[in-house]
Amino acid sequence: MKRQLIVAGNWKMNKNLMEAFTLASGVLVKAKKMSDQVEIVLAPPAPYLHTINSMSKDTAHVNIAAQNCHFEPNGAYTGEISAEMLHSMNIAYVILGHSERRKHFQENHEILAKKVSAAIKAGMKIIFCCGEPLEVRASETQERFVLQQLEESLFHLTEVEMKQVVVAYEPIWAIGTGKTASPAQAQEMHQFIRKQLATKYTPKLADACSILYGGSCNPSNAAELFAQPDVDGGLVGGASLKPEDFLQIIQARAKQT
Ligand code: PGA
């Protein structure tokens, strides 16, 4: 089974309007000339989603992701954005479970499970992030920790719904720190996640599910991470803010096929 290769750029809360458009066009100009073997996902801040989605409309292998959504479809939730709204703007993906949302916005398993359901119900695809903090890695209990994240917030989905999910393994100690998981550490966890998907759902579903690595992924480490059999691509933060770096990471993914 050939899995979809994906390189996603999570811009987080960065770039003003002009900078965001410059970054998006810098990536899009080059992406148009690339083969479509790697799906490119851009996750800009919410105010830019609509325009950047329009800019990318004629490049089929580029999709846009929101960085968050609320779990209700509408209502008195000042400042929030629903999955329904995002879907009505033709935004393909929403990132859920990112460790920064878990940490700074108190998104626990229960809230995330509701967001996951809401996004699927609205017709969106999800990039679901999981990953352990340093102390969990130090105590070698990272598999149990990640399994709990999957069980509590994702595994309530049916098999059909689960096909709309991409999993991103992002060890918290590697996010924005310049420290990357070694290719072996990434492979070990990706293989573990795939095994859990096979056990909970079916080997066929597990085999088809794209699992991305995130955490200080950059042009110099991307190739060796992507060379691992269960690493299908990357969720890139810092390096996605520089078009040259991001494009090099996409090229590294394309070369490994
Ligand atoms: P980083 O962020 O690449 O800057 O470590 C990754 C992420 O948070 O998705």
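Model, not experiment: these values are computed from the prediction.

Caption draft 1: Region of the structure containing the pairing of strand β2 (residues 38-43). Burial runs high along β2: six of the six residues are buried. Burial along β2 is two-sided: the face carrying V38, I40 and L42 and the face carrying E39, V41 and A43 are both buried. Taken together, strand β1 (residues 5-10), helix α1 (residues 17-33) and β2 form a β-α-β motif whose crossover is right-handed. Relative to strand β3 (residues 62-66), β2 runs parallel, the two sharing three bridges.

Caption draft 2: Quick peek at the UniProt feature "active site" (unreviewed entry) in the protein. Per the UniProt record, "active site" (unreviewed entry) is annotated on H98 and E170. Taking the farthest pair of C-alpha atoms as the criterion, the annotated set spanning 73 residues converges on one region, since that pair is 8.3 Å apart. Among the structural elements, H98 can be located in the loop between β4 (93-96) and α4 (99-104). Note on H98: relative accessible area 4%, which makes it buried. Given the relative accessible area of 5%, E170 is considered buried. Contact partners of E170, with chain neighbours within four places excluded, come to H98, C129, C130, G131, E132, I175, G214, G215 and L235. Reaching out from E170, the side chain makes a polar contact with the side chain of H98 at a distance of 3.2 Å.

Caption draft 3: Spatial organisation of helix α9 (residues 183-200). Here α9 contains 18 residues, and its C-alpha end-to-end distance of 26 Å stays within 8% of the 26 Å for a straight helix at 1.5 Å per residue. Listed as buried for α9 are P183, A186, Q187, M189, H190, F192, I193, R194, Q196 and L197.

Caption draft 4: Region of the structure containing the packing of helix α5 (residues 109-122) against helix α7 (residues 142-153). Running from N to C, α5 and α7 point in directions that differ by 55 degrees, and their axes come no closer than 8 Å. For the element pair α5 / α7, the angle class is oblique. Counting all contacts with α5, which are made through H109, L112, A113 and V116, the residues of α7 involved are Q148, Q149, E152 and S153. For the contact of α5 with α7, the class distribution of residues is three nonpolar, four polar and one charged.

How each quantity is defined
Residues numbered from 1 in each chain as written. Predicted model: local features only at pLDDT ≥ 70, side-chain atom pairs only at ≥ 80, totals over all residues. Heavy atoms only, no water. Buried < 20%, exposed > 50% of the residue type's maximum accessible area, 1.4 Å probe, protein only. Helix = DSSP H or I, 4+ residues; strand = E, 2+ residues; numbered from the N terminus. Right-handed = clockwise from strand over helix to strand, strands pointing away. Pairing = 2+ DSSP bridges. UniProt positions renumbered as here; feature names shortened; annotations may be inferred. Contact = heavy atoms within 4.5 Å. Polar contact = N/O pair within 3.5 Å; in protein donor to acceptor, adjacent residues only side chain to side chain. Expected span 1.5 Å × (residues − 1). Axes fitted to C-alpha atoms, helices over the stretch in contact; angles between N-to-C directions. Parallel < 35°, antiparallel > 145°, perpendicular 65-115°, else oblique. Nonpolar A, V, L, I, M, F, W, Y, C, P; charged D, E, K, R; others polar.

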